[in-house]
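Below are the chains, spelled out letter by letter.
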Amino acid sequence: MEEKPGIVVVGASGRMGQMLVRTVLESSRARLVGAVERAGHGWVGRDLGEAMGAGPLGLAVTDDALEAFAGARAVLDFTTPAATVEFAALAAQARLVHVIGTTGLDESDLARISAAARHAVIVRSGNMSLGVNVLAKITRLVAGVLDEDYDIEIVEMHHNRKVDAPSGTALMLGEAAARGRGRSLAEVAERARDGITGPRRRGDIGFAVLRGGDIVGEHEVIFAGSGERISLRHVATDRRLFARGALRAALWGLERKPGEYNMFDVLGL
């Protein structure tokens with residue numbers, strides 16, 4: 001029987017990192033072979049299971065990503081933009097599938113990721129859940145049917161510790177809506193309103209950002225026309241759905257050629 005592919009989780013101490021670890025450990029299709037944290041982190045050198053408050057796993061957390069990558073087939077990465085671009089280069093060097101759920105990436109970050117994808121498979125998405133990606137597909141279809149008489153607003157809410165805004169998922173939905181109308185999101189995004197703004201510009205895609213409590217993630221796309229509104233909404237209540245999607249993407253990527261992919265590709269959308 002073929003050995004289950006080895007998976008490394010980077011940023012293993014974070015909330016998503018720990019969820020990714022548990023998801024891989026519970027999987028019958030993959031095995032955890034590495035856990036990475038930044039140099040100087042309190043978990044480095046400790047048994048991963050004990051650091052997570054469980055029994056020992058016999059796997060020490062390391063700050064040497066390249067060493068951890070050497071025994072793996074894929075890496076799951078929900079960290080920070082600066083860390084992700086570094087991991088992309090190392091994963092490409094090791095020819096690993098690199099699954100990226102990191103948000104807040106700017107154009108220079110994306111350019112470096114694209115360069116790495118010439119040598120390895122990269123699956124990147126603002127959201128790894130099946131439901132959100134179906135929502136993005138529907139959003140693009142609806143935006144393509146309804147003209148600019150229908151204003152598009154995207155509302156998102158997350159927990160009070162989230163550091164980037166709008167969320168990567170909100171931007172993904174905005175991109176889907178813009179593409180449905182044959183536009184680029186950069187041309188039509190309205191990401192902040194304050195003071196005397198004047199009337200809403202026709203064709204803009206607006207974003208509203210809410211933060212509070214321990215909310216995992218809520219997203220709504222509103223098409224507001226004269227006399228009617230269409231609302232498309234997704235509510236996430238458990239981070240495991242993102243972790244399951246990331247692992248599914250990693251396993252899918254093992255059979256692909258180097259390049260950049262997203263969850264639409266993984267899910268056949």
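Residue numbers run consecutively from 1 along every chain, following the written order of its sequence. Only residues with pLDDT of at least 70 are given local features in this predicted model, and only at 80 or more are side-chain atom pairs given and counted; all residues enter the totals for whole chains, interfaces and linings. For the side-chain quantities, the full set of heavy atoms in the structure was used; hydrogens and water were omitted.

1. Focus on the overall build of the protein chain
Reasoning step 1: Numbered from the N terminus, helices here are DSSP runs of H or I no shorter than four residues, and strands are runs of E no shorter than two. Helix and strand counts for the protein chain stand at 10 helices and 11 strands.
Reasoning step 2: For a compact globule the rule gives 2.2 Å times the number of residues to the power 0.38, and the radius of gyration it is set against comes from C-alpha atoms. The C-alpha atoms of the protein chain give 20 Å as radius of gyration, which agrees with the globular expectation for 269 residues (18 Å, within 12%).
Reasoning step 3: On the principal axes, the C-alpha backbone points of the protein chain span a range of 60 × 40 × 35 Å.
Reasoning step 4: We call a residue buried when its accessible area falls under 20% of the maximum for its residue type, exposed when it is over 50%, and partly exposed in between, using a 1.4 Å probe and counting protein chains only. Taken across its 269 residues, the protein chain has 49% of its residues classed as buried.
Reasoning step 5: Taking contacts inside the protein chain between residues at least 6 apart in sequence as the whole, the part at least 24 apart equals 68%.
Reasoning step 6: Here the protein chain has roughly 13,200 Å² of accessible surface; of this, 49% comes from carbon and sulfur atoms. Should any heavy atoms of two residues lie within 4.5 Å, those residues are counted as being in contact. Exposure was quantified through the Shrake-Rupley algorithm and a 1.4 Å probe, taking into account, for residues, occlusion by the shown protein chains and nothing else.

2. Describing helix α1 (residues 15-26)
Reasoning step 1: Helix span, as expected, comes to 1.5 Å for every residue beyond the first. Helix length check: α1 (12 residues) gives 17 Å between terminal C-alpha atoms against 16 Å at 1.5 Å per residue, within 8%.
Reasoning step 2: Of the residues making up α1, those classed as buried are Met16, Gly17, Gln18, Met19, Leu20, Val21, Thr23 and Val24.
Reasoning step 3: As for α1, its buried residues are in contact with β1 (6-10), β2 (31-36), α2 (48-51), β3 (74-77) and α9 (240-253).

3. So, the packing of aromatic side chains
Reasoning step 1: Side-chain rings of Phe, Tyr and Trp, where Trp is taken by its six-membered ring, are said to pair if the distance between their centres is within 6.5 Å; with planes under 30 degrees apart they count as stacked, over 60 as edge-to-face, and otherwise as tilted. Taken as a whole, this structure holds 2 aromatic pairs when the rule is applied.
Reasoning step 2: Taking the centre distance of 6.3 Å and the plane angle of 55° together, the rings of Phe69 and Phe87 count as tilted. Taken as a pair, Phe69 in helix α3 (residues 65-69) and Phe87 in helix α4 (residues 81-94) lie far apart in primary sequence, 18 residues in all. Here the two residues Phe69 and Phe87 agree in accessibility, since each one is buried.
Reasoning step 3: Judged by centre distance (5.2 Å) and plane angle (80°), the ring pair of Trp252 and Tyr261 falls under edge-to-face.
Reasoning step 4: Judged by its relative accessible area of 15%, Trp252 falls in the buried class.

4. Looking at empty space enclosed by the protein
Reasoning step 1: Throughout, the protein atoms alone are placed on a 1 Å grid, and a set of points is a cavity if a 1.4 Å probe fits but cannot get out or a pocket if it is open with protein on both sides within 12 Å along at least five of seven lines; lining residues have an atom within 4 Å of a point. Grid points are joined across faces, edges and corners, and a volume is the space filled by probe spheres set on the points. Summed over all chains, the structure comprises 1 cavity of 30 Å³ or more.
Reasoning step 2: Taken together, Glu148, Ile152, Ala177, Ala178, Arg181, Arg183, Val188, Gly203 and Ile205 form the lining of the largest cavity.
Reasoning step 3: Here the term charged refers only to Asp, Glu, Lys and Arg, the term nonpolar to Ala, Val, Leu, Ile, Met, Phe, Trp, Tyr, Cys and Pro, and the term polar to all other amino acids, Gly among them. When grouped by side-chain class, the residues that make up the lining of the largest cavity number 5 nonpolar, 1 polar and 3 charged.

5. A few points about the packing of α1 against α9
Reasoning step 1: Only the contacting stretch of a helix is used when fitting its axis, a line to C-alpha atoms as for every element, and angles between N-to-C directions run 0 to 180 degrees. The contact between α1 and α9 brings their axes to 9 Å, and the two run at 60°. When the interaxial angle is binned, α1 and α9 end up oblique. Relative to α9, α1 is oriented so that their crossing is right-handed. Residues Met16, Met19, Leu20, Thr23 and Val24 of α1 pack against Arg240, Phe242, Ala243, Arg244, Ala246 and Leu247 of α9.
Reasoning step 2: In the contact of α1 with α9, the residues fall into 8 nonpolar, 1 polar and 2 charged. Here is the rule for angles: anything less than 35 degrees is roughly parallel, anything more than 145 is roughly antiparallel, 65 through 115 is roughly perpendicular, and the remaining ranges are oblique. In this scheme the handedness of a crossing depends on how the near helix is turned from the far one: anticlockwise by less than a right angle means left-handed, clockwise means right-handed.

6. Structural notes on the sheet that holds strand β10 (residues 228-236)
Reasoning step 1: Whether two strands pair comes down to DSSP finding at least two bridges between them. One open sheet holds the 5 strands; their spatial order is β7-β8-β6-β9-β10, and the pairing between them is mixed. A strand with exactly one partner marks an edge of an open sheet, and here the two such strands are β7 (189-190) and β10.
Reasoning step 2: Relative to strand β8 (residues 205-211), strand β6 (residues 151-158) is paired through 7 bridges, and the arrangement is parallel. Bridge assignment links Met157 to a residue of β8, and that residue is Leu210.
Reasoning step 3: Across the sheet, helix α7 (residues 168-180) touches β6, β8 and β9 (217-225), and the angle it forms with β8 is around 165°.

7. Description of unusual backbone geometry
In terms of backbone geometry, most residues other than glycine have negative phi values and most peptide bonds are trans.
Reasoning step 1: In this model, Ala165 is joined to Pro166 through a cis peptide bond whose omega is -10°.
Reasoning step 2: Counting through the fold element by element, Pro166 comes out in the loop between β6 and α7.
Reasoning step 3: Here the phi dihedral of Arg95 falls at roughly 60°; this positive angle occurs in a residue that is not glycine.
Reasoning step 4: Structurally, the position occupied by Arg95 is in the loop between α4 and β4 (97-100).

8. Considering the nonpolar core
Reasoning step 1: Residues belong to one nonpolar core when they are buried, are Ala, Val, Leu, Ile, Met, Phe, Trp, Tyr or Cys, and are joined through side-chain atoms within 4.5 Å. Judged by nonpolar contacts, the single largest core of 39 residues is most densely connected at Ile7, Leu20, Leu48, Leu76 and Val99.
Reasoning step 2: Leave out the neighbours within four places in its chain, and Val99 touches Val75, Leu76, Asp77, Val123, Met128, Ala246, Ala249 and Ala250.
Reasoning step 3: One finds Leu135, Ala143, Ala178 and Leu232 within the second-largest nonpolar core, a separate group that totals 22 residues.

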